[in-house]
Every structure is written in C-alpha cells, then in structure tokens.
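Next come the chains, spelled out residue by residue.
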Amino acid sequence: MALHELKIEIPAAAAGAADELLLEHGAAAWSVLEDVIVRRAWLVGIGPAAAALAEEWAGLAPALAAVGVTPLAAPVARELVEADWRDSYKAHFRAWRFDRLHWVPVWERATYVVPPGDAVLWLDPGLAFGTGNHETTRLCVERLVVCAEEHGTGGRVIDAGCGSGILALSAALLGYRDVVGFDNDPEAVRVSEENAALNGLTGRVRFATADLETGLAGRQADLLLANIQADVLLRYAAVLTGAVAPGGTLILSGILAGENGQVRAGFERVAPGWSVNARVMGEWSDVVLVRPA
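Residues numbered from 1 in each chain as written. Predicted model: local features only at pLDDT ≥ 70, side-chain atom pairs only at ≥ 80, totals over all residues. Heavy atoms only, no water.

Draft legend 1. Focus on the layout of surface pockets. Estimates place the volume of the second largest pocket at around 370 Å³. Residue assignment for the lining of the second largest pocket shows that the elements contributing at least two residues are α4 (135–151), β8 (156–160), β11 (221–227), β12 (244–256), β13 (275–281) and β14 (284–290). At six residues, the largest contribution of residues to the lining of the second largest pocket is made by α4. A breakdown of the residues in the lining of the second largest pocket according to their chemical character gives seven nonpolar, ten polar and six charged. (1 Å grid on protein atoms, 1.4 Å probe; cavity = no way out; pocket = protein on both sides within 12 Å on 5 of 7 lines; lining within 4 Å. Points joined across faces, edges and corners; volume = space filled by probe spheres on them. Helix = DSSP H or I, 4+ residues; strand = E, 2+ residues; numbered from the N terminus. Nonpolar A, V, L, I, M, F, W, Y, C, P; charged D, E, K, R; others polar.)

Laid out in structure tokens, this is it:
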C-alpha cells in the first residue's frame with residue numbers, strides 16, 4: 001500500500017499554534033513534526049491521495065496564516081512506500097514513566113531496564129494515537145494511576161476512543177479486571193489488540209469498533225476515560241455523564257487550556273452536583289468529574 005505525504009516547513013516557534021489549529025479543525029491526517037535540536041518544524045499531511053492532501057492544505061493555509069503560522073517554503077510532495085509510513089512514528093515515541101508505571105517502545109524491549117517492583121507497558125502505536133508522549137494522554141494516565149491508588153482497582157473501566165489502547169491496557173496493568181476499550185477507527189482497535197498481545201494482556205481488555213453512543217449504550221463505568229477533542233466532548237456530554245455509575249469518575253482530556261472553562265461549564269450544566277476539578281499541562285488540560293454516590 002502506498003500513501004502520499006505533503007510536507008511544509010514552518011517556523012519552529014509556530015509549532016504550538018499550528019498543533020492547536022489542526023486539533024480545532026479536526027485535521028486527523030495532519031500533524032506537526034519538530035526537531036528540537038536544530039529548531040525546525042514542519043506540517044505533515046499523510047493520506048491515500050495526493051490531490052486530496054493538496055486540497056486540504058489549500059483549506060488549512062488561510063486558517064494557519066490567520067493565527068500567524070506562515071510557511072517558510074513551498075509544500076513538498078512525495079509518495080511513501082509502506083516501510084516509510086509504518087516506521088515514521090518511531091522517531092517521535094520516547095519511553096516515559098509516572099510513579100511505578102513505564103510506557104516504553106517495544107523496539108527498546110531488549111535494552112530498557114525496569115526497576116524492581118515497577119511495571120511496564122510495551123507499546124507499538126502504529127498509526128493510532130496514543131504513545132503517552134502527548135500531554136493529553138499523560139494527563140489521563142496520571143489520573144488513572146492516582147485513581148487506582150486512592151480507590152482500588154475493583155471497578156469497571158471504559159476507555160472511550162482508545163487509540164493505541166494505552167489507557168485501557170494501563171488500567172489492566174494496574175490490576176483492573178473489568179476493562180472495555182472502543183474506537184470508531186478499526187485500525188485503532190487492531191493496534192490496541194496487537195499491543196495487548198505484546199504485553200500478555202490478550203482478553204484482559206475487550207476492544208471493539210464503536211462510536212460514543214453505541215460504545216456506551218447500556219453501560220456504566222466506575223471510571224470512564226475520554227481523551228477526545230473538546231467540541232466532541234461537549235456534544236456528547238449527556239452520553240458521557242450518563243455512562244458513569246454512582247460514585248464513579250469521568251476523566252476528560254484532549255482539551256486545550258483555553259477551552260477548559262467552556263468544557264467545565266458545559267459538563268456542570270449537564271451534571272449538576274458533581275464535583276469538578278481540572279489540571280493544565282503545557283497547552284493542554286483535563287476536566288475530572290465525580291458523580292455523587
């Protein structure tokens with residue numbers, strides 16, 4: 001299978017603004033690539049059709065210009081062979097840890113040293129979102145670890161929009177026995193199941209292809225995680241809060257720091273009386289709600 005790439009160099013200082021705009025526009029085929037050593041950055045679009053990428057760029061360019069992101073050079077187009085696009089993400093995934101848990105690229109398995117008493121989740125995210133290197137995932141994972149420490153691991157966990165499976169599999173690694181993960185992208189579900197197999201967790205998490213409404217229908221979780229962009233969270237606020245069991249916790253991420261107040265207000269309207277708190281990490285934030293018992 002061949003894919004096409006469209007790559008545009010932008011000022012390194014504009015990388016954050018470009019990343020925010022891509023998320024706001026739901027430009028799933030596009031990402032920001034940074035080389036922090038030489039201080040260079042690029043917008044990169046990958047898709048099956050070169051013409052479609054060029055058309056998407058024509059729509060993105062004015063929006064980027066409006067927030068001060070001006071290309072430094074003309075777009076460069078090329079066709080990617082399978083090895084190129086399957087392995088390109090590896091350059092941007094680095095091992096990291098929080099508390100006693102480690103998230104490590106599987107290709108470092110032979111060399112990475114896990115301290116005694118710690119646990120590790122080996123990951124190969126493929127083209128699915130979720131290495132833990134992005135602040136939105138880190139916010140969720142850190143909340144998950146704290147919830148397990150404070151409340152135990154006896155409840156049901158649902159990972160809505162599971163991406164690479166990192167949150168659901170981390171829950172299983174922490175000791176949760178009833179874990180469900182779903183995503184509307186079949187490729188994400190396939191990658192999640194592969195990552196489960198890499199860690200000997202096959203069958204410990206039930207993965208499925210579903211959207212928010214079908215994935216949560218008839219279910220209630222003691223811990224529900226949704227790392228999705230803010231506008232989608234707000235649109236499905238009633239669905240998400242309705243899937244939290246009494247006394248349960250809802251962890252929301254994928255929220256720009258500047259959008260946090262809007263998301264909090266939206267969920268407080270739908271779930272009056274629930275306790276609410278939030279954190280900021282870089283340009284991103286989370287919102288956590290706890291339903292009264």
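Draft legend 2. Region of the structure containing the side chain of S253. Residue placement: S253 occurs in strand β12. Its relative accessible area of 0% is what places S253 among the buried residues. Of the polar contacts made by the side chain of S253, one reaches the backbone oxygen of T136; its length is 2.9 Å. With near-sequence residues (within four places) excluded, S253 lies in contact with T136, L139, C140, A226, N227, I228, L233, S285 and D286. (Buried < 20%, exposed > 50% of the residue type's maximum accessible area, 1.4 Å probe, protein only. Polar contact = N/O pair within 3.5 Å; in protein donor to acceptor, adjacent residues only side chain to side chain. Contact = heavy atoms within 4.5 Å.)

Draft legend 3. Summary view of the nonpolar core. W103, Y176, F207, L223 and L225 are the most contacted members of the largest nonpolar core, which has 32 residues in total. Breaking this core down by element, the ones donating at least two residues are β6 (101–105), β7 (119–123), α4, α5 (166–174), α6 (186–198), β10 (205–209) and β11. Among the elements that make up this core, the one with the highest residue count is α5 (seven residues). Not counting residues within four places of it along the chain, the set of residues in contact with L225 comprises C140, L144, V157, I158, D159, A160, L167 and I251. In this structure, A160, L224, V244 and L252 belong to the second largest nonpolar core, which totals 28 residues. (Core = buried A, V, L, I, M, F, W, Y, C linked by side-chain atoms within 4.5 Å.)

Draft legend 4. Expanded view of the pairing of β6. The buried fraction of β6 is high, at five of five residues. Burial of β6 is two-sided: the residues L101, W103 and P105 facing one way and the residues H102 and V104 facing the other way are all buried. Linking strand β5 (residues 96–98) to β6, which pair antiparallel, is a turn of two residues; within it D99 sits at a positive phi near 60°. Where β6 meets β7, five bridges bridge the pair, whose relative direction is parallel. Considered in β7, the bridge of V104 is made with W122. (Pairing = 2+ DSSP bridges.)

Draft legend 5. Examining the pattern of salt bridges more closely. All chains considered together, the criterion is met by twelve salt bridges. R190 is paired through a salt bridge with E194; the nearest N and O atoms lie 2.4 Å apart. Of the two residues, R190 and E194 are both situated in helix α6; the distance of four residues between them amounts to about one turn of the helix. Given the relative accessible area of 32%, R190 is considered partly exposed. Residue classification places E194 among the partly exposed residues on the basis of a relative accessible area of 43%. (Salt bridge = Lys/Arg side-chain N within 4 Å of Asp/Glu carboxyl O.)

Draft legend 6. Just the sheet that holds β11, in detail. If you trace the seven strands from one edge of the open sheet to the other, you get β10-β9-β8-β11-β12-β14-β13, paired in mixed fashion. Every other strand in the sheet has two partners, leaving β10 and β13 as the edge strands with one partner each. Each strand of the sheet is rotated relative to its neighbour by a mean of 15°, with strand direction disregarded. In the sheet, β8 pairs with β11 via four bridges, with the strands oriented parallel. Note that in β11 the partner of V157 across the bridge is L223. Most of the contacts of α5 go to β10, to which it runs at about 165°, and overall it touches β8, β9 (178–183), β10 and β11. (Axes fitted to C-alpha atoms, helices over the stretch in contact; angles between N-to-C directions.)

Draft legend 7. View of the confidence of the model for the protein chain. Mean pLDDT over the protein chain works out to 87, with 90% of the residues at or above the 70 mark. Across residues 127–132, confidence stays below pLDDT 50; counting only partners more than four residues off in sequence or on other chains, it has 26 contacts. (pLDDT = per-residue confidence, 0-100.)

Draft legend 8. Region of interest: the state of the cysteines. In this structure the tally under the stated criterion is zero disulfides. There is no disulfide at C140, and the cysteine sulfur nearest it, in C147, is 11 Å away. Just so you know, C162 is unpaired, no disulfide at all, and the nearest cysteine sulfur is the one on C140, 13 Å from it. Relative accessible area serves as the criterion here: at 4%, C162 is assigned to the buried category. (Disulfide = S-S within 2.5 Å.)

Draft legend 9. Representation of the packing of α4 against α5. Close contact between α4 and α5 brings their axes to 10 Å; oriented N to C, the two are set at 20°. As the angle between them shows, α4 and α5 are arranged roughly parallel. Considering the relative orientation of α4 and α5, their crossing is right-handed. Only I166, L167, S170, A171 and L174 of α5 make contact with α4, whose side of the interface consists of T137, C140, V141, L144, V145 and A148. Classifying every residue of the contact of α4 with α5 gives nine nonpolar, two polar and no charged. (Parallel < 35°, antiparallel > 145°, perpendicular 65-115°, else oblique. Left-handed = near helix turned anticlockwise from the far one by under 90°.)

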